[in-house]
Amino acid sequence: MSQPFKDPFNIVYFIGFILVLLLPTLPATLSWLKLTDIL
């Protein structure tokens with residue numbers, strides 16, 4: 001444990017965690033984008 005903890009995958013896990021948290025808002029986001037004619 002003398003080396004500083006640097007996991008090259010921790011940023012990937014963090015982004016994945018954020019995406020999982022955002023999944024419930026995906027249908028609402030898509031519907032808002034359709035209502036505002038962005039898509």
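Residues numbered from 1 in each chain as written. Predicted model: local features only at pLDDT ≥ 70, side-chain atom pairs only at ≥ 80, totals over all residues. Heavy atoms only, no water.

Draft legend 1. Expanded view of the overall build of the chain. Along its length, the chain carries two helices and zero strands. With 39 residues in all, the chain has 0% of them scored as buried. Surface accessibility of the chain: about 4,000 Å² in total, with carbon and sulfur atoms responsible for 76%. (Helix = DSSP H or I, 4+ residues; strand = E, 2+ residues; numbered from the N terminus. Buried < 20%, exposed > 50% of the residue type's maximum accessible area, 1.4 Å probe, protein only. Areas by Shrake-Rupley, 256 points an atom, 1.4 Å probe, with all protein chains shown as cover.)

Draft legend 2. Structural view of the UniProt feature "transmembrane region" (unreviewed entry) in the chain. Taken from the UniProt record, the annotation "transmembrane region" (unreviewed entry) applies to residues 12-33. Annotation note: span residues 12-33, helix share 86%, strand share 0%, distance between end C-alpha atoms 27 Å. (UniProt positions renumbered as here; feature names shortened; annotations may be inferred.)

Draft legend 3. Looking closely at the environment of Thr36. In this structure, Thr36 sits in the segment after helix H2 (26-35). A polar side-chain atom of Thr36 sits 2.9 Å from the main-chain carbonyl oxygen of Trp32. (Polar contact = N/O pair within 3.5 Å; in protein donor to acceptor, adjacent residues only side chain to side chain.)

Draft legend 4. Fine view of a nonpolar patch on the surface. Residues Phe9, Ile11, Val12, Tyr13, Phe14, Ile15, Phe17, Ile18, Leu19, Leu21 and Leu22 make up a contiguous nonpolar surface patch of roughly 1,100 Å² in combined accessible area. Here Leu19 shows up in helix H1 (residues 10-22). (Patch = residues over 30% accessible without salt bridge, like charges linked within 9 Å, V, L, I, M, F, W, Y side chains within 5 Å. Salt bridge = Lys/Arg side-chain N within 4 Å of Asp/Glu carboxyl O.)

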